[in-house]
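# Secondary and tertiary structure notes
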Amino acid sequence: MEARLKSGARQKTGSDHIAPDCRGMNFYRADPAFRDLLEVYMEPALRAHLEPHLDRLGELAGGRLDELADTADKHPPVLHPRDRFGRDEDWIEYHPAYREMERIAFSELGLHAMSHRADVLGWPAPMPPIAKYGFQYLFVQAEFGLMCPVSVSDTSNFIILRYGSEELKRKLIPRLLSQDPAEMWKGTQFMTEKSGGSDVGALECEARQENGEWWLYGEKWFCSHTDADLALILARPQGAEAGTRGLGLFAMPRRLDDGSRNRYRIVRLKDKLGTRSMASGEIRLEGAFAWQVGELRAGLKQMLDQVNLSRLSHGVRAAAMMRRCLNEALCVARSRVAFGRALIEMPLVRRQLLKLMVPTEQALTMYAWTADVMSRANRGDEGAAHLLRILTPLFKFRACRDNLRVATGAMEVRGGNGYIEDWVNPRLVRDAQIGVLWEGTSNINALDAIGRAAAKMGAHKALGAALHARLAEASRVPEKFRSRLAELVDRAVAFGARASGSEAERLSRMAAGALYNVASAVVMAWEAARLDSGRRLLLSRMVVEHRLIVQDPLVPANEAWEERAAALLLGEGDDTIHQAAALVDH
Ligand SMILES: Cc1cc2nc3c(=O)[nH]c(=O)nc-3n(C[C@H](O)[C@H](O)[C@H](O)COP(=O)(O)OP(=O)(O)OC[C@H]3O[C@@H](n4cnc5c(N)ncnc54)[C@H](O)[C@@H]3O)c2cc1C
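The structure contained in this document is the topic of the report that follows. (Residues numbered from 1 in each chain as written. Predicted model: local features only at pLDDT ≥ 70, side-chain atom pairs only at ≥ 80, totals over all residues. Heavy atoms only, no water.)

## What about the site of the ligand?
Going by this rule: One heavy atom within 4 Å of a molecule or strand is enough for the residue carrying it to be called near that molecule or strand. Polar contacts, as counted here, are pairs of nitrogen or oxygen atoms within 3.5 Å of one another; within protein the pair requires one atom able to donate a hydrogen and one able to accept it, and residues that are adjacent in sequence qualify only if both atoms are side-chain atoms. Areas reported as accessible are Shrake-Rupley estimates using a 1.4 Å probe. Residue values count occlusion only from the protein chains shown. Helix numbers and strand numbers start at the N terminus; a helix is a DSSP run of H or I with at least 4 residues, a strand a run of E with at least 2. Residues are grouped as follows: Ala, Val, Leu, Ile, Met, Phe, Trp, Tyr, Cys and Pro are nonpolar; Asp, Glu, Lys and Arg are charged; every other residue, Gly included, is polar.
The environment of the ligand is made up of 20 residues, and the closest members are Met191, Thr192, Ser198, Ser224 and Thr441. The separation between a nitrogen atom of the ligand and a polar main-chain atom of Gln189 is 3.0 Å. Between the ligand and Thr441, the relevant distance is 2.6 Å, taken from an oxygen atom to a side-chain nitrogen or oxygen of the residue. Look at the ligand: alone it shows 970 Å² of surface, and the protein chains cover 64% of it. For the shell around the ligand, the elements supplying multiple residues, two or more each, are strand E3 (187-190), strand E5 (213-224) and helix H13 (442-457). For the shell around the ligand, the residue count by class is 9 nonpolar, 9 polar and 2 charged.

## Side note on the state of the cysteines
In plain terms, the rule: Here, two cysteine sulfur atoms that lie within 2.5 Å of each other are counted as a disulfide.
Enumeration according to the criterion identifies 0 disulfides in this entry. Not part of a disulfide, Cys22 finds its nearest cysteine sulfur in Cys331, a span of 3.7 Å. Between Cys148, a cysteine without a disulfide, and Cys223, which holds the nearest cysteine sulfur, the sulfur-to-sulfur distance is 11 Å.

## A short note on the nonpolar core
Defined as follows: Nonpolar cores are built from buried Ala, Val, Leu, Ile, Met, Phe, Trp, Tyr and Cys residues. Side-chain atoms within 4.5 Å join them into one set. Using a 1.4 Å probe on the protein chains alone, a residue whose accessible area is under 20% of its type maximum counts as buried, one over 50% counts as exposed, and one in between counts as partly exposed. Any pair of residues with heavy atoms lying within 4.5 Å of one another is described as a contacting pair.
Of all hydrophobic cores here, the largest spans 209 residues; its most connected members are Phe139, Ile160, Leu216, Met252, Tyr367, Trp369 and Leu463. Among the elements that line this core, the one with the most residues is helix H9 (residues 299-335), at 18 residues. Once you skip the residues sitting within four places of it in the chain, Leu216 turns out to touch Glu206, Ala207, Ile233, Ala235, Phe250, Met252, Leu285, Glu286, Gly287, Ala288 and Ala290.

## Regarding unusual backbone geometry
Backbone geometry follows two general trends: most residues other than glycine have a negative phi, and most peptide bonds adopt the trans configuration. The phi angle at Asp119 is positive, at roughly 70°, despite the residue not being glycine. Position of Asp119 relative to the elements: it lies in the loop between helix H5 (96-108) and helix H6 (129-140). Relative accessible area serves as the criterion here: at 55%, Asp119 is assigned to the exposed category. Located in the positive-phi region is Glu439, a residue other than glycine, with phi close to 55°. Within the secondary structure layout, Glu439 lies in the loop between helix H12 (425-432) and H13.

## Some details on the packing of aromatic side chains
Note the threshold: Pairing of aromatic rings covers Phe, Tyr and Trp, the last counted by its six-membered ring, and requires centre-to-centre distances within 6.5 Å; plane angles under 30 degrees mean stacked, over 60 mean edge-to-face, and any other angle means tilted. For a ring to carry a charge above it, either NZ of a lysine or CZ of an arginine must fall within 6 Å of the ring centroid while also lying within 35 degrees of the normal to the ring plane.
The full count for this structure, using the stated rule, is 11 aromatic pairs. Their ring planes at 50° and their centres at 5.9 Å tell us that Tyr41 and Trp526 sit as a pair that is tilted. In this pair, Tyr41 is assigned in helix H2 (residues 32-41) and Trp526 in helix H16 (residues 504-531), connecting sequence segments 485 residues apart. Classification of Tyr41 by relative accessible area gives buried; the value is 8%. When the centroid spacing of 5.5 Å and the interplanar angle of 65° are considered together, the rings of Trp215 and Phe289 count as edge-to-face. Taken together, the residues Trp215 in strand E5 and Phe289 in strand E9 (residues 280-292) connect sequence positions 74 residues apart. Taken as a pair, Trp215 and Phe289 share a single burial class, namely buried. Following the ring pairs from residue to residue traces out a cluster consisting of Tyr28, Phe34, Tyr137 and Tyr367. Positioned above the aromatic ring of Phe106, the side-chain terminus of Lys186 is 5.2 Å from the ring centre. The ring of Trp526 carries the charged tip of Arg470 above its face, separated from the ring centre by 4.0 Å.

## Quick look at the environment of Val436
Within the element layout of this structure, Val436 appears in the loop between H12 and H13. Of the residues examined, Val436 reaches a relative accessible area of 15% and is grouped as buried. Val436 sits 33 residues away from Asn403 along the chain, and the two C-alpha atoms are 9.4 Å apart. Beyond its immediate chain neighbours, meaning those up to four positions away, Val436 contacts Lys396, Cys400, Arg401, Leu404, Thr441 and Ser442.

Purely geometric numbers; function is a separate question.
Below is the structure:
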């Protein structure tokens with residue numbers, strides 16, 4: 001399959017001038033960088049156990065799943081507000097293609113349960129984040145929309161396990177972690193109202209307690225996976241104080257114990273630009289029954305655990321979509337001929353391809369590293385928890401923004417066909433846009449990283465220390481380049497410190513971008529040393545030159561090294577540190 005990426009996906013027949021797409025490829029086998037990073041970050045026994053499962057998902061994602069995703073995108077869900085007897089039994093009709101994707105994700109792979117219980121895919125323990133997000137990464141290269149229900153189910157399970165009372169856990173967990181469609185309850189989370197998305201303190205939904213039970217009133221304005229079996233929902237208990245401190249967290253079932261519909265209605269489905277396969281709607285709460293989750297006054301704090309997990313998943317989804325874009329662009333460039341030459345031979349196209357490759361590989365590195373840090377944090381390592389607090393919003397902010405540019409860039413490489421819905425590119429462009437909106441816009445994530453994690457916890461210093469530790473371990477990286485990286489770490493951390501002061505509202509995005517870029521450059525260099533990979537080392541330098549150093553737009557940079565680097569990065573040379581060393585250390 002790698003050979004296929006190098007030579008174009010399909011053989012041309014005499015008059016076949018249209019460049020192919022990646023349909024029919026195995027996305028796992030076609031991704032040596034992903035496989036290499038699993039060697040670095042995943043425990044060998046788990047890695048060996050998962051190999052056939054990842055291989056199968058890679059094949060599905062390049063084949064059947066991709067076909068289903070295309071069909072589901074073209075046949076979005078439909079809301080039926082009443083049943084045929086005129087009762088307000090609202091229900092959503094999905095195309096069978098969506099139902100089949102659900103079966104693969106939930107029942108076959110158990111993506112919602114794999115990090116919460118043993119025996120998913122035959123592994124005798126809950127799986128670590130590197131595995132769970134690795135499956136998400138492959139899945140999303142075919143289907144993005146359904147990953148929202150998968151991820152919000154996974155994160156709802158986390159919240160119930162962490163904050164639910166013993167009684168609530170006994171009631172819900174067997175259903176939430178089931179892979180049997182007849183038993184299973186899928187989850188979601190509803191926060192946003194007309195009065196506030198970013199400004200959560202402005203929420204108006206009310207929770208009233210009667211006879212020791214909670215009943216919810218009001219409206220939620222954006223509800224993805226609208227008809228989930230269980231929604232985690234923020235509401236203000238009657239009489240509670242204004243602002244975020246007055247918010248409680250509740251778990252609201254779609255159906256009551258007697259099988260009747262809970263008292264909330266799906267009023268409308270949104271007509272969305274992207275994620276069209278999945279239903280996002282508006283709901284009206286008419287005294288809906290709900291269970292209290294955790295401490296009443298800690299609702300938002302608890303919900304933010306879920307938000308942070310979703311944010312990490314969003315970074316991974318952006319990494320996945322960028323990989324698909326890059327693979328599509330490479331297929332086209334290797335097979336489309338213009339002016340008597342394959343596109344890939346043209347210097348401007350090679351430069352375009354590298355501009356797609358660098359952010360794609362940065363996001364891959366940041367997924368693997370952040371997942372690794374999360375594993376350590378889950379084992380009680382406080383330093384890792386500190387680091388995770390800043391890495392998560394940095395990753396969500398920057399990777400989702402990069403995805404916008406990469407999706408548009410890959411469309412352009414395909415030329416006019418890239419704009420036509422026969423091909424995957426328009427869907428990738430449409431789906432990419434949501435990454436900068438849900439689970440916090442770019443501003444909100446940058447402010448979270450700098451204005452909160454750095455300002456209140458000094459997390460930028462933890463990040464700086466972790467990066468210096470990586471550099472100290474990377475002795476195979478040429479000395480001069482390592483010193484250059486070390487200096488950039490210090491400068492980015494100093495900038496983070498300055499931005500976290502009174503200028504946070506103005507400088508957070510710049511500082512967050514700088515910290516993301518410097519982190520990915522350093523960790524890529526560390527990975528290069530571990531893997532003896534010249535490509536990862538060159539990618540690290542690409543990040544330095546193009547994302548951390550200001551270039552004069554009126555003076556072309558010395559590009560001799562870049563032409564040689566491009567040859568290696570596009571697979572035209574041996575991938576060893578020895579090959580690349582001279583190109584980073586000049
Ligand atoms: C398709 C879709 C599905 C969704 N699904 C869900 C869901 O399932 N559950 C859910 O709870 N929500 C969901 N959302 C809502 C989403 O999370 C919000 O739209 C998002 O958080 C932004 O909130 P808002 O729309 O109210 O915009 P606003 O908060 O009004 O923001 C408008 C603009 O102002 C900027 N802004 C706001 N405050 C600041 C600040 N302090 N500093 C700088 N800039 C600021 C923002 O960055 C943004 O650019 C969904 C949204 C969409 C589009």
